Amino acid sequence: MRLVIAASLLAAVGANTVGDAWINTLADGLSARPRELKAQILDKARKLSENFQKENPEGGQASENPEFRFLPQYRGSAIAGGDATTWTGRCFSSQSAVSSAPNADGSVKITFTSSGLKEEGCVEDYDLMTVTGAKKIAIDQEGVFEVDWALPEDAREAEKWDLTDKGVRVFAYVDNVRTTMANLVETLKIFVPEETKIVDPVSARNNVDFMARYPQFKMEQRDPLSSVPPLEHQVHSGDFFGVIRLDGLDPVLAWGMGSTTGHTTTALWMDNEEGKRTLYITESTVTDSYWPTNGIQKTEYNTWLKQAEEASYNVVWAPLNKQYRAKFNEEAAVEFFKSTEGLDYGYRNMLWGWVDTLNDNYPCVPDDYSTVCSGWEYFESVFGILDRKAPELVNMFVNQAMNFRLGTSDLRFPEILQEGAKQGYEARAIPTIPEQDTWMYETFRYNETNVVEGRSMVCCVYVCSSWKAAGLFGDNDVNCGEFTNADDYSMHFFEDEYKQIIGRWTLELNRYNTREPYDHMSEKCASLAPNYEQDADC
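Computed from a prediction, not measured in an experiment: that's the story for all the values here.

Thresholds, definitions, all that
Residues numbered from 1 in each chain as written. Predicted model: local features only at pLDDT ≥ 70, side-chain atom pairs only at ≥ 80, totals over all residues. Heavy atoms only, no water. Pairing = 2+ DSSP bridges. Helix = DSSP H or I, 4+ residues; strand = E, 2+ residues; numbered from the N terminus. Axes fitted to C-alpha atoms, helices over the stretch in contact; angles between N-to-C directions. Core = buried A, V, L, I, M, F, W, Y, C linked by side-chain atoms within 4.5 Å. Buried < 20%, exposed > 50% of the residue type's maximum accessible area, 1.4 Å probe, protein only. 1 Å grid on protein atoms, 1.4 Å probe; cavity = no way out; pocket = protein on both sides within 12 Å on 5 of 7 lines; lining within 4 Å. Points joined across faces, edges and corners; volume = space filled by probe spheres on them. Nonpolar A, V, L, I, M, F, W, Y, C, P; charged D, E, K, R; others polar. Parallel < 35°, antiparallel > 145°, perpendicular 65-115°, else oblique. Left-handed = near helix turned anticlockwise from the far one by under 90°. Contact = heavy atoms within 4.5 Å. Disulfide = S-S within 2.5 Å. Phe/Tyr/Trp six-rings, centres within 6.5 Å; stacked < 30°, edge-to-face > 60°. Lys NZ or Arg CZ within 6 Å of the ring centre and 35° of its normal. Polar contact = N/O pair within 3.5 Å; in protein donor to acceptor, adjacent residues only side chain to side chain. Salt bridge = Lys/Arg side-chain N within 4 Å of Asp/Glu carboxyl O.

1. Some remarks on the sheet that holds strand S7 (residues 143-149)
Link 1 in the chain: Reading across from one edge, S2-S3-S4-S7 is the order of the four strands in this open sheet, with antiparallel pairing throughout. Each edge of the open sheet is held by one strand with a lone partner, namely strand S2 (85-87) and S7. Taken over all neighbouring pairs, the strand axes of this sheet differ in orientation by 15 degrees on average, direction set aside.
Link 2 in the chain: Pairing analysis gives seven bridges linking strand S3 (residues 92-99) to strand S4 (residues 108-117), with the strands arranged antiparallel. Among the inter-strand pairings, Ser-94 is bridged to a residue of S4, identified as Ser-115.

The following block contains the structure:
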């Protein structure tokens with residue numbers, strides 16, 4: 001979820017800054033290596049904001065809740081030869097867009113009509129997008145505004161279908177350019193620790209403030225010496241260790257998932273290389289500025305505690321209760337770990353276990369949690385464009401998972417949308433098809449040259465899968481690929497109380513220890529801030 005959303009959000013800002021060429025600025029040279037990609041995205045975003053500030057030294061006033069308020073909002077699609085789509089704009093009381101029927105070469109003309117100018121000098125900024133490209137337009141006066149839309153010369157049939165059947169998507173920015181860029185600058189501030197080994201105090205407070213305003217999870221400063229980690233003999237296999245690092249990404253994950261953690265791990269006793277029984281923390285994570293190892297891994301307990309403290313983690317320990325401790329099949333859990341150790345982090349399906357519903361998983365910005373929201377229409381356009389520019393990247397993050405859902409193989413993103421329509425799925429419904437734990441992805445093990453078929457597991461999916469292998473879910477049919485952080489620690493597997501063992505900020509687990517296992521749990525769950533309301537049997 002992290003990198004896909006980050007790329008899409010950067011694309012939104014790029015449209016405001018570099019006009020019709022923004023997608024080239026975004027996509028050119030993007031790495032298919034996730035760590036490099038993350039650094040590239042943050043670097044491009046900073047350069048965009050720095051260039052804008054140089055060109056506009058007077059700057060702009062950021063919004064009250066600025067983070068991610070630069071997301072453009074979907075207003076409708078102009079479908080070739082179809083009816084007009086209408087909306088009320090920021091500057092005009094009435095606006096509409098209608099598309100001509102396609103010409104012989106597949107091109108169309110989009111006609112915008114605007115009336116009821118609300119304020120002289122007000123400018124409406126729009127992104128127009130299909131899966132083949134994007135254009136930026138600005139409308140500042142009443143009347144008619146026309147845009148010619150042509151297909152690339154090498155357009156594939158599915159891309160032609162997208163233009164005629166799904167149309168040109170229209171996205172509006174809710175603020176003027178200066179405010180939008182000021183909001184980007186404020187958003188970038190919470191991500192500063194992504195490139196440092198520790199979280200500095202200013203960034204920590206910025207992230208704590210974000211947590212209080214967006215998911216509305218409060219964190220208080222605490223004395224890091226007020227509690228100490230449990231000794232090795234106090235920790236049992238299957239115990240849960242939850243983490244949040246105040247680095248921008250973990251808090252954004254919390255906002256999107258409705259969890260108070262951004263990372264999850266589990267303890268496991270097993271023999272070391274010398275045959276000595278040893279306590280490890282096992283997890284799925286990535287090599288980063290603050291963490292040395294990639295993929296599914298084990299770290300000796302005391303070493304892990306040291307690394308966690310040095311990385312500015314805030315950590316809680318939740319021991320399994322007596323019933324589930326007795327139920328935990330340690331030998332099976334160790335066997336599962338050994339069968340998956342070294343597999344790459346679960347980038348290939350990281351977004352899709354989170355998207356369970358048509359509309360209720362895409363986070364919205366406060367204070368009303370409705371005016372500015374992320375959404376499928378923008379993502380599908382960006383994925384399509386990037387599929388042309390960086391196909392390896394989109395295949396990793398999107399296409400493999402979507403092909404599994406449709407029972408197809410090797411389809412690229414526009415073809416996936418077209419095939420989904422043939423099978424009766426509206427595009428936004430495809431991601432909601434539940435992830436199956438039996439799906440084996442093309443991934444790598446230990447290094448990028450060792451390509452294998454294997455599970456794709458982010459942190460919470462690995463923890464759930466370890467518990468599943470150990471028998472904690474019994475005979476219930478559970479797909480751990482559908483679990484989020486909050487799903488992990490909401491299971492009624494634990495002692496009544498958990499304990500914070502590391503960190504300068506409090507970490508409290510919402511929904512802790514509240515759910516018994518049942519068939520197909522967590523496959524149809526909403527996750528909208530600030531209430532995160534869900535059906536009891538989702």
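2. Some remarks on the nonpolar core
Looking at soluble globular proteins, one finds that nonpolar side chains tend to be buried together.
Link 1 in the chain: One finds Phe-68, Trp-255, Trp-376, Trp-467, Phe-473 and Phe-493 to be the most contacted residues of the largest nonpolar core, which totals 112 residues.
Link 2 in the chain: Ranked by residue count, the leading element in this core is helix H12 (residues 391-406), at eight residues.
Link 3 in the chain: Within the second largest apolar cluster, 22 residues are counted, among which are Ala-80, Val-108, Ile-137 and Ile-139.

3. Quick notes on the layout of surface pockets
Link 1 in the chain: Space inside the second largest pocket adds up to approximately 470 Å³.
Link 2 in the chain: Lining the second largest pocket are 21 residues, with Pro-224, Glu-309, Ser-312, Gly-503 and Arg-504 positioned closest to its centre.
Link 3 in the chain: Those elements that place two or more of their residues in the lining of the second largest pocket are helix H6 (201-213), strand S13 (313-318) and strand S16 (499-502).
Link 4 in the chain: Its residues assigned to classes, the lining of the second largest pocket comprises 13 nonpolar, five polar and three charged.

4. Here we look at the pairing of strand S6 (residues 134-139)
Link 1 in the chain: Sheet topology places strand S5 (residues 124-129) next to S6; six bridges connect them, and they run antiparallel. Within the sheet, the bridge partner assigned to Tyr-126 lies in S6 and is Ile-137.
Link 2 in the chain: Here S5 folds back onto S6, and the loop between the two strands holds four residues.

5. Observations concerning the packing of helix H10 (residues 330-340) against helix H14 (residues 459-469)
Between two packed helices, the angle of one axis relative to the other and the distance separating the axes together describe the packing.
Link 1 in the chain: Packing of H10 against H14 leaves a shortest axis separation of 7 Å and a crossing angle of 135 degrees. Considering the angle they form, H10 stands oblique to H14. Like other packed secondary-structure pairs, H10 and H14 cross with a definite hand, here right-handed. Side by side, H10 and H14 meet where Ala-332, Ala-333, Phe-336, Phe-337 and Thr-340 of the first sit next to Tyr-462, Ser-465, Ser-466 and Ala-469 of the second.

6. A look at the sheet that holds strand S9 (residues 240-245)
Link 1 in the chain: Taken in spatial order, the six strands line up as S12-S11-S10-S9-S13-S16 in an open sheet, and their pairing is antiparallel. Since the sheet does not close on itself, it has two edges, and those belong to strand S12 (295-300) and S16, each with one partner. In this sheet, neighbouring strand axes are inclined to one another by 30 degrees on average, regardless of whether the strands run parallel or antiparallel.
Link 2 in the chain: Sheet strands touched by H10: strand S10 (263-271), strand S11 (277-285) and S12. Its angle to S10, the strand with the most contacts, is close to 110 degrees.

7. Thoughts on the packing of helix H11 (residues 376-389) against H12
Link 1 in the chain: Following both chains from N to C, one finds H11 and H12 inclined at 140 degrees, their axes separated by 6 Å at the closest point. Classified by the angle their axes make, H11 and H12 are oblique. Contact residues: H11 offers Phe-383, Leu-386, Asp-387, Arg-388 and Lys-389, while H12 offers Pro-391, Val-394, Val-398 and Asn-399.
Link 2 in the chain: Residues of the contact of H11 with H12, tallied by class, amount to five nonpolar, one polar and three charged.

8. Considering the state of the cysteines
Link 1 in the chain: Counted under the stated rule, the structure contains four disulfides.
Link 2 in the chain: Note on cysteine connectivity: Cys-91 is disulfide-linked to Cys-122, with sulfurs 1.9 Å apart. Taking the sign of the torsion about the S-S bond as the criterion, the disulfide between Cys-91 and Cys-122, at about -65 degrees, is left-handed. Taken together, the residues Cys-91 in the loop between S2 and S3 and Cys-122 in the loop between S4 and S5 connect sequence positions 31 residues apart.

9. Regarding the packing of aromatic side chains
Link 1 in the chain: Applying the stated criterion across every chain yields a total of 41 aromatic pairs.
Link 2 in the chain: Ring centres of Trp-376 and Phe-383 lie 6.4 Å apart, and the angle between their planes is 65 degrees; this geometry places the pair in the edge-to-face category. Of the two residues examined, Trp-376 and Phe-383, each falls in the buried class.
Link 3 in the chain: Following the ring pairs from residue to residue traces out a cluster consisting of Phe-240, Tyr-324, Trp-467, Phe-473, Phe-483, Tyr-489, Phe-493, Phe-494, Tyr-498 and Tyr-512.
Link 4 in the chain: The ring of Tyr-290 is capped by Arg-245, whose NZ or CZ atom sits 3.7 Å from the centre of that ring.
Link 5 in the chain: Over the aromatic face of Tyr-280 sits the side chain of Lys-298, whose NZ or CZ is 5.4 Å from the ring centroid.

10. A short note on the side chain of Ser-77
Link 1 in the chain: As for its position among the elements, Ser-77 is in strand S1 (residues 73-78).
Link 2 in the chain: Owing to a relative accessible area of 16%, Ser-77 belongs among the buried residues under this scheme.
Link 3 in the chain: Side chain to side chain, Ser-77 and Tyr-74 meet in a polar contact 2.6 Å long.
Link 4 in the chain: With residues up to four places along the chain from it excluded, the contact list for Ser-77 reads Thr-85, Lys-166, Val-168 and Arg-169.

11. With respect to the pattern of salt bridges
Link 1 in the chain: As enumerated under the stated definition, the model contains 28 salt bridges in all.
Link 2 in the chain: The closest approach of N and O atoms between Asp-387 and Arg-156, which form a salt bridge, is 3.8 Å. In this pair, Asp-387 sits in helix H11 while Arg-156 sits in the loop between S7 and helix H4 (157-166), placing the two residues 231 residues apart along the sequence.
Link 3 in the chain: Arg-213 serves as the salt-bridge partner of Asp-209, at 2.8 Å between the closest nitrogen and oxygen. Remark: Arg-213 and Asp-209 occur in helix H6; sequence separation between them is four residues, near one turn of the helix.
Link 4 in the chain: On the accessibility criterion, Asp-209 (37% relative accessible area) is partly exposed.

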